[in-house]
Amino acid sequence: MNKTRLQQLEQLLEAPVVPKTVTAAEWEREGGKRNPEVGDTLHAKQGVRIITRVNGTELQVLETAASLTPLEERLLGYVLQHNNAKPVSSSSDLERQARRLGEWIQQSVTAGEWRAEVPDRMELRNRLFDGMVPFLLLCEQLDDKEPNYNELEKTIRTYISDETLLVPLREHEWLILSTDRVLTEAEADGDEALGHEETKEVLASLAEGLHQLVTGEWGGECHIAVGEPIVPSENVVRIVGTLRETIFLGRKFHVGMQVHLPWLVHLERLLSGIPEQVRSRFVEEMMGRPDLFTDSETISTLDAFFSMDCNVSETAKKLFIHRNTLLYRLDKIKHEAGLDVRSFNDAVLVRILLLLYKVTKRK
Amino acid sequence: MAGVRLEHVFKKYAGSDKASVTDFNLDIQDKEFLVLVGPSGCGKSTTLRMIAGLEEISEGKLYIGDRVVNDVAPKDRDIAMVFQSYALYPHMNVYQNMAFGLKLRKFRKDEIDRRVREAARTLEIEHLLDRKPKALSGGQRQRVALGRAIVREPQVFLMDEPLSNLDAKLRTQMRANISKLMKRLETTCIYVTHDQTEAMTMGDRIVVMKDGYIQQAATPDVLYNHPTNLFVAGFIGAPAMNFITGQLVEEGGSVRFRATGFNLEIPEGKAKSLRAKGYIGKEIILGIRPEDLHDEPVFIEGSPNSIVNASIEVSENLGHEALLYLTGLGKDNIIARVDGRSALREGQNVKLAVDMNKIHVFDKDTEDNVLEHE
């Protein structure tokens, strides 16, 4: 019990209250019951003793010289039992520890220490040795609508598992580490263990669900990136760097998307690293018509076409248009830009052009 | 249960000069099934997302029941949403997926169980409760997503293209299921779709949107028979209404519509209105629904002043009806919907009569339906 609470209790009882630690054997010797519980009372020589916490054979008690009626004793016991229902580590403790870890991660990322291991001084270190799925959440709600640590932590624990750790990083940015058993739970009954591609699918679904949950509860916009399972004690700095980069690339190249997957932004990462001059020259040389992509219909058609792996039927379905309408649009692009996206080489070029165009357009 | 009211609602995104939704005013009644329909980018999903609380409202007021909810978080609006991309939680079975929202809100276990089992019974997915999403078909997943919303027993359901991921057959089936379900639950429902068939078959009332503006809000019947403008007339109905640009002329005491292949006498009631509005001698756009072009001899004999002759370029026989794509009338193809048993074939010349009582006349500049505007 903290000092303020103790003082408040002293004022209520109009008598000093002293916290003490006794053993269960001593408690029993002085006339207490054999298996003591929180809220149990005992009349000792020094005054009334009441148990506030049971930690194995060690009992934390409060001792007061105040004279209490049996009803007051029972009420005090009831309140302590109720308080004790909370986890041993209160959420404020957890938040403080998580913030410390977050600060260390942030410092390590800034210093470029990608291989840094979580140091012993971090209280949460012992929770970071098992395989965990990392999510990076970037909330963009208005300040007054953004969830606080406790709300978010509770929601995420309910969603994924109790073995989930929420670590605040920068402002509006949270790292979520969840046990990788969640992947096993996603297997349909009787299935074999998930393959690599299936794991990625499940991770994407988990991230989609998380996005739906956060926006559905608090509204506003939020971005989520998810990575493959890691052992956080060794890799947490690196994964934060990777997931941050994934969100950055996703937002830069795919405006409108909120769930970003590191394994889907390889080309974007590559293009992002090319110097501006080289990119501009490439665009100039490749584009037959500089205004080709200013038409939003062409952009949405190409986006859908590439996202459907250049499958005409599936793209038409996705765009709610007739297959012939799509073919007409693709022919129009071929006619105007001289690039036929139904052929592999041209499709690669148009995909790169489209990605570069989106970046230049945003500037 | 509650109604929803939007008063002068605008949505403007930072960095954009144009509003995505402009001056949206609508009073949605308690227990009403309202459909927002329109082409991509018309603002229908943005409007729904504002009602859901997923998007900020730039201007205006949103009421759910009597309460202004502009600044209320989605979780506190007492709404439930079903989206096109129904992200079922992959690590939870169907029961847990449906129970999740209630668990988060700390409902009692027996209450959660009652609601989940009741919703599962309604959606006929009781036998799937132990399955993981991975083991479900598309239609089953969609029903679970619906179930997740139903168990919340919200004041308002919000659905954004919930059937888009399903194949045509399943869509038709689910369309009927959702309509039935909403009638039984007696809850207000706001449903977004780009599909006018879905809108016409499901909605008590339909709001047609374009470029962020409401074009018309009316019952399916009114929307179909009395479209307020060219856009609504063309958007509602499949095949779409035929539009022919031509001139209105006064001839021998009657008003006639003239265009390539057309010389039609306008019925006196409509002619009177067109005269009064000063359309004689002007170019207008005439709207004729495909089913208002008749090939039955009785109709042709009875309508000597509204006959057109054309040749059939393509004939699509769908069994119960045939669609004739006609040339020689106006600039574009004209489509006629005739009886499937009709013997008309491609390449044939055909004589058809226009049901002049059902024509629509649109102003060429404003595109308003001049016979519907006083």
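Residues numbered from 1 in each chain as written. Chains lettered and ligands numbered in written order. Predicted model: local features only at pLDDT ≥ 70, side-chain atom pairs only at ≥ 80, totals over all residues.

**Student:** So what about the overall build of chain A? Which residues, and what values?
**Tutor:** The helix and strand tally for chain A stands at 14 helices and nine strands. The proportion of buried residues among the 363 residues of chain A is 30%. When contacts within chain A are restricted to residue pairs at least 6 apart in sequence, long-range pairs at least 24 apart make up 60% of them. (Helix = DSSP H or I, 4+ residues; strand = E, 2+ residues; numbered from the N terminus. Buried ≥ 20, exposed ≤ 12 C-beta atoms within 10 Å, placed from the backbone. Contact = placed C-beta atoms within 7 Å.)

**Student:** How would you explain the domain arrangement of chain A if you had to name every residue and give the values?
**Tutor:** With domains assigned, chain A is organised as domain 1 (3–84), domain 2 (91–266) and domain 3 (274–362). Measuring from the centre of the C-alpha atoms in domain 1 of chain A to the corresponding centre in domain 2 of chain A gives 42 Å. (Domains from an automatic or database assignment.)

**Student:** For the domain arrangement of chain B, give the residues involved together with the corresponding values.
**Tutor:** Residues and elements named next belong to chain B. You can read the domains of chain B as domain 1 (4–235) and domain 2 (242–363). The distance between the C-alpha centroids of domain 1 and domain 2 comes to 39 Å. Facing the four residues of domain 1 at the interface are five residues of domain 2. Tallied by class, the residues present in the side of domain 1 that touches domain 2 amount to three nonpolar, one polar and no charged. (Nonpolar A, V, L, I, M, F, W, Y, C, P; charged D, E, K, R; others polar.)

**Student:** Outline the pairing of strand E18 (residues 334–339) of chain B, listing residues and values.
**Tutor:** Sheet analysis places strand E17 (residues 321–327) of chain B next to E18 of chain B, joined by six bridges and oriented antiparallel. Counted as the bridge partner of Tyr325 of chain B is Ile335 of chain B from E18 of chain B. (Pairing = 2+ DSSP bridges.)

**Student:** Kindly report on the sheet that holds strand E13 (residues 262–265) of chain B, identifying the contributing residues and their values.
**Tutor:** Pairing between sheet strands relies on hydrogen bonds along the backbone, with the strands arranged either parallel or antiparallel. Residues and elements named next belong to chain B. The five strands are arranged E13-E12-E11-E14-E20 in an open sheet whose pairing can be described as antiparallel. Two strands lie at the open edges of the sheet, namely E13 and strand E20 (360–363), each paired on one side alone. On average, adjacent strands in this sheet sit at an angle of 40° to one another, irrespective of strand direction. Bridge count for strand E12 (residues 254–259) against E13 is four bridges, and the pairing is antiparallel. Within E13, the position partnered with Ala259 by the bridge is Phe262. (Axes fitted to C-alpha atoms, helices over the stretch in contact; angles between N-to-C directions.)

**Student:** An account of the confidence of the model for chain B is needed here, citing residue identities and associated values.
**Tutor:** On average, chain B scores 91 in pLDDT, and the residues at 70 or more come to 99%. Taken over the whole predicted complex, pTM reads 0.76, whereas the ipTM for its chain interfaces reads 0.75. (pLDDT = per-residue confidence, 0-100.)

**Student:** Let's hear about unusual backbone geometry: which residues, and what values?
**Tutor:** The amide bond that connects Ala238 of chain B to the next residue, Pro239 of chain B, takes the cis arrangement and shows omega of -5°. Its place among the elements puts Pro239 of chain B in the loop between helix H8 (230–235) and strand E11 (242–251). The backbone of Asp309 of chain A sits at a positive phi, close to 55°, despite the residue not being glycine. The topology assignment puts Asp309 of chain A in the loop between helix H11 (296–307) and helix H12 (312–319). Phi is positive for Asp78 of chain B, close to 60°, though the residue is something other than glycine.

**Student:** Please set out the packing of H12 of chain A against helix H13 (residues 323–337) of chain A residue by residue, giving values where relevant.
**Tutor:** Residues and elements named next belong to chain A. Put simply, H12 and H13 touch, their axes get as near as 9 Å, and they point 105° apart. Comparing their axes, H13 and H12 come out roughly perpendicular. Between H12, through Val312, Ser313, Thr315, Ala316 and Leu319, and H13, the contact on the second element is made entirely by Arg323, Leu326 and Leu327. Along the lines of polarity and charge, the residues of the contact of H12 with H13 split into five nonpolar, two polar and one charged. (Parallel < 35°, antiparallel > 145°, perpendicular 65-115°, else oblique.)

**Student:** Account for helix H3 (residues 109–123) of chain B, with residues named and values stated.
**Tutor:** Residue and element names in this part refer to chain B. End to end, H3 covers 21 Å across 15 residues, agreeing with the expected 21 Å (1.5 Å per residue, within 8%). Each element contacted by the buried residues of H3 is listed here: helix H2 (94–104) and helix H4 (138–150). Two residues or fewer past H3, Glu124 is found with a positive phi of approximately 55°. (Expected span 1.5 Å × (residues − 1).)

**Student:** So what's going on with the sheet that holds strand E8 (residues 222–226) of chain A? Residues and values would help.
**Tutor:** All names here are of chain A. Strand order in this open sheet of five strands is E6-E7-E5-E8-E9, and the pairing throughout is mixed. Looking at strand neighbours, the two that pair on one side only are strand E6 (164–168) and strand E9 (259–260), the edges of this open sheet. Against the sheet, helix H7 (residues 196–218) engages strand E5 (132–139), E8 and E9, with an angle of about 160° to E8. Where helix H8 (residues 232–253) meets the sheet, it contacts E5, strand E7 (173–179), E8 and E9, and its direction lies at approximately 40° from that of E5.

**Student:** Describe the packing of H2 of chain B against H4 of chain B, listing the residues and the values that go with them.
**Tutor:** All names here are of chain B. Contact geometry for H2 and H4: axes closest at 7 Å, N-to-C directions at 30°. Relative to H4, H2 is oriented roughly parallel. Crossing of H2 over H4 shows right-handed handedness. In this structure, H2 contributes Val94, Asn97, Met98 and Gly101 to the contact, and H4 contributes Val144, Gly147 and Arg148. Here the contact of H2 with H4 is built from residues that sort into three nonpolar, three polar and one charged. (Left-handed = near helix turned anticlockwise from the far one by under 90°.)

**Student:** Before we move on, can you summarise the environment of Lys331 of chain B with the specific residues and values?
**Tutor:** By secondary structure assignment, the location of Lys331 of chain B is in the loop between E17 and E18. Separated by 72 residues in sequence, Lys331 of chain B and Ala259 of chain B place their C-alpha atoms 9.1 Å apart.

**Student:** Give me the lowdown on helix H5 (residues 149–159) of chain A, citing residues and values where you can.
**Tutor:** Within H5 of chain A, burial applies to Leu152, Glu153, Ile156 and Tyr159 of chain A. Down the axis of H5 of chain A, the smallest arc covering the buried residues is 130°, so these residues share one side. (Arc of directions from axis to C-beta.)

**Student:** Outline the nonpolar core, listing residues and values.
**Tutor:** Generally speaking, soluble globular proteins have nonpolar side chains that are buried together. Counting 108 residues, the largest nonpolar core has Leu158, Ile190, Tyr191 and Val208 of chain B as the members making the most contacts within it. Per element, the largest residue contribution to this core is six residues, and it comes from H2 of chain B. Ignoring any residue separated from it by four or fewer positions in sequence, one finds Leu158 of chain B in contact with Leu48, Ile51, Ala52, Ile79, Met81 and Ile190 of chain B. Among the nonpolar cores identified, the runner-up in size contains 46 residues, and Trp174, Leu203, Leu243 and Val259 of chain A belong to it. (Core = buried A, V, L, I, M, F, W, Y, C linked by C-beta atoms within 7 Å.)

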